[in-house]
Structure formats: C-alpha cells, structure tokens
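Close look at the chain arrangement
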Amino acid sequence: MREPLRRAARGATAALTGLLTTALVAACSVTGAEAPAAAGSGAASPRPSASAALAWNTRPASLAALGDSITRGFDACGVLTDCPDLSWATGSGASVTSVATRLLARPAAASWNLAASGARMADLPAQAERAVALRPQQVVILMGANDACAPSAARMTPVDTFRREFATALRTLHQGLPRTQVFVASVPDLLRLWDVGRHNALGRQIWKLGLCPSMLADPESTDAAANARRQAVRERVIAYNSVLAQECARWKRCRSDGGAVFDYRFTSAELSPWDWFHPSARGQSRLAGIVYGAAFGS
C-alpha cells in the first residue's frame, strides 16, 4: 500500500473527504431513473453477435473509443484524475499495450478517446455523433456500469430505457459510418468487484464516499437484504449485457464480446489503489488484452 493511502487509512481530513466525495461521485455515480423495469433473465455470457460471419477487418486504420471513466483510465495513474495514457482502448503507456497500440501503426494520430467519466448509456448517442464526425474505421464501446451504479437498486436505469438509448447510438454510428466496424464490450461483473474489494479496510472507507452505492453500500453486511440488493444489481448488469449483444446483432458490422469482460475474474491487483473500483494500470492492461482478443482473435 502506498504511503498516502496509509495516511488516509488513519483518517483523512474533512477537506479531503469533501474533495473525494465530489470527484468520485462525479466520475462514477449516477442520478438514475425512478422505478426500474423488471430485470431481464439474460445469460451472464451473451452469445456473440449473429453478424460474426461477416468479413471482419482485423487491421483497421483508425479507432474511436466510446464509454465512461473506465475508458478514460480514471484513477489508474493517480487519485481523482483521468489517465487516458493508461486507457485500455487508446492509451499510449507502455505498461498497458492498449487496443489502439496493438492495431495501429500511428495510434496517437489515428485514435480518439471520446469517453467521459461519469457517462451513462444516455450519453452514448452524443458520443456516437462525435465519432461520426471523425470517421474512424473501428469503434469500440464499453458502457453501462454507471447505469447499474445508482444511488439505490431501485434507481438503476430501466432495461427498456437502456435498450432505447443504446439502439439510438448504434443507429447513429451505422447510418453515419456505414463501413465502420463496431465492437461492444460487456459490462463488468459488479458483484465480483464487491467480493474482491470488501476485504480491504481502506477500500471500504473509500466506497462510503459514494462509489456505486447500489452495489457497494454496507460492504461488510451479508444479511438477506444486502445480498438481495447486490443480486438485483448483478441481474440488471446481466440484462444490460443481453441488450448489448441483442442490439449489436441487428447490424452487419457490429460484434459483441460474448460476455468476455463480464466473465473475467479480476483480482485486487487489477483495481485502482485509490478507489478499489476502477481498473488499475494492470487492470487496464488486462482489459485491453481481453477486448483485443475478443474483437480481433488473438
């Protein structure tokens, strides 16, 4: 554990607590909708898109990444900051070997990180419009964790709303960029996040500042109500992943990851030591490998 974290574990000042609360909630939490639709019963590992048989370019010349704080590399290099150089999608850091670095001869000149910390699926259509203006040959999307990370399980984004917003974004991409490939990663397993991070005392304290309360509130409680709440969040993530796979399959040039990101059993070393929520540099590197393998076959 790093020395600043040791000091934080002994008790942060009120000013620091206020700063952490404001910044972490802005980066990770959501306002949420009111009453949710019933959670779907989709499999934890949705099938790859039906369009997988279409010829797929494994060496696109340019790439745009859409998503949220995970794709911005938030808290991967320091506390309360985006670290795009360590992004799994477009980062240039040697420790990550991002998707863009693996694909492109000149990644800095031919890749764009359009993600925004704190973004939900409602923000994806606007990101898609920005991508259309840049005309990349490949788009990668990782979005949806913030829709599940609501102030309470009752305020997660309804599945029907999530579907409508995602379908709008895909339609924008495919109508504006009819020759561009789109790859959609599944939402990570937030229950795994709780299970890995709950054993760290400092992580539990950081979570109390407002990180994903639908899943991470009362992290030490294992009573029936807490377990039911966490399971409801997990089921909503599974439903979101089913939507991502189903809507992607409607388009010829879209592939989804078959649940590869959701299924990955990450470890504490792959979580940021500043919030025990976002991927660390090591986690970003592993995520890059998972997505690259699922999208491009190696």
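Residues numbered from 1 in each chain as written. Predicted model: local features only at pLDDT ≥ 70, side-chain atom pairs only at ≥ 80, totals over all residues. Heavy atoms only, no water.

What follows concerns the sheet that holds strand S2 (residues 111-113). Spatially, the five strands line up as an open sheet ordered S2-S1-S3-S4-S5, and their pairing is parallel. The sheet is open, and its two borders are formed by S2 and strand S5 (254-256), each paired with just one other strand. Going across the sheet, the axis of each strand differs from the next one's by a mean of 15°, ignoring polarity. Direction of pairing for strand S4 (residues 181-184) relative to S5: parallel, over a ladder of three bridges. Within S5, the position partnered with Val182 by the bridge is Cys254. Taken strand by strand, helix H12 (residues 224-248) contacts S4 and S5, and its axis lies near 155° from that of S5. Across the sheet, helix H14 (residues 281-296) is in contact with strand S3 (138-142), S4 and S5; its angle to S4 comes to roughly 130°. (Pairing = 2+ DSSP bridges. Helix = DSSP H or I, 4+ residues; strand = E, 2+ residues; numbered from the N terminus. Axes fitted to C-alpha atoms, helices over the stretch in contact; angles between N-to-C directions. Contact = heavy atoms within 4.5 Å.)

Considering every residue of the chain, the mean pLDDT works out to 87; 82% of them sit at 70 or more. This model gives residues 1-26 a pLDDT under 50, and the stretch forms 33 contacts once residues within four places in sequence are excluded. Note on residues 29-52: pLDDT is under 50 here. Beyond four places in sequence and across chains, it has 71 contacts. (pLDDT = per-residue confidence, 0-100.)

What follows concerns the pattern of salt bridges. One pass over the full model with this rule turns up six salt bridges. As a salt-bridge pair, Arg198 and Asp195 come within 3.0 Å of each other at their nearest N and O atoms. Classification of Asp195 as partly exposed rests on a relative accessible area of 29%. A salt bridge links Glu247 to Arg250, with the nearest nitrogen and oxygen atoms 3.2 Å apart. (Salt bridge = Lys/Arg side-chain N within 4 Å of Asp/Glu carboxyl O. Buried < 20%, exposed > 50% of the residue type's maximum accessible area, 1.4 Å probe, protein only.)

Right, let's talk about the packing of helix H6 (residues 124-134) against helix H8 (residues 159-176) for a bit. At their nearest, the axes of H6 and H8 sit 8 Å apart, and the two run at 10° to each other. Accordingly, the angle class assigned to the pair H6 and H8 is roughly parallel. From H6, Leu124, Pro125, Ala128, Glu129, Ala131 and Val132 reach across to H8, where they touch Glu165, Phe166, Thr168, Ala169, Thr172, Leu173 and Gly176. Tallied by class, residues from the contact of H6 with H8 come to eight nonpolar, three polar and two charged. (Parallel < 35°, antiparallel > 145°, perpendicular 65-115°, else oblique. Nonpolar A, V, L, I, M, F, W, Y, C, P; charged D, E, K, R; others polar.)

Tallied over the full model, the rule gives three disulfides. Paired through a disulfide, Cys149 and Cys212 show a sulfur-sulfur distance of 2.0 Å. Of note, the bridge from Cys149 to Cys212 carries an S-S torsion of about -80° and is left-handed in sense. Note that Cys149 is positioned in the loop between helix H7 (145-148) and H8 and Cys212 in the loop between helix H10 (201-207) and helix H11 (213-216), a separation of 63 residues in sequence. What pairs with Cys248 in a disulfide is Cys254, and their sulfur atoms sit 2.0 Å apart. With the S-S bond torsion at -115°, the cross-link from Cys248 to Cys254 turns out left-handed. Note on accessibility: Cys248 and Cys254 belong to one class, buried. For the chain, the bonded cysteines pair up as 1-2, 3-4, 5-6 when numbered in the order they occur along the sequence. (Disulfide = S-S within 2.5 Å.)

On to the packing of helix H9 (residues 190-197) against H12, then. The contact between H9 and H12 brings their axes to 8 Å, and the two run at 140°. The orientation of H9 relative to H12 falls into the category oblique. Taken together, the residues of H12 that come into contact with H9 (itself represented by Leu190, Leu191 and Trp194) are Arg230, Gln231, Val233, Arg234 and Val237.

Before going further, it helps to examine the packing of aromatic side chains. Throughout the structure, instances matching the rule amount to two aromatic pairs. With centroids separated by 4.0 Å and ring planes inclined at 10°, the aromatic side chains of Phe162 and Tyr240 adopt a geometry described as stacked. Placement of Phe162 in helix H8 and of Tyr240 in helix H12 is noted, with a sequence separation of 78 residues between them. Per residue, the accessibility class of Phe162 equals that of Tyr240, and both read buried. With centroids separated by 5.5 Å and ring planes inclined at 40°, the aromatic side chains of Tyr292 and Phe296 adopt a geometry described as tilted. Of this pair, Tyr292 and Phe296 both sit in helix H14, four residues apart, roughly one helical turn. The two residues Tyr292 and Phe296 agree in class, both being buried. Note that Arg198 overlies the ring of Trp194, its terminal NZ or CZ placed 4.4 Å from the centroid. (Phe/Tyr/Trp six-rings, centres within 6.5 Å; stacked < 30°, edge-to-face > 60°. Lys NZ or Arg CZ within 6 Å of the ring centre and 35° of its normal.)

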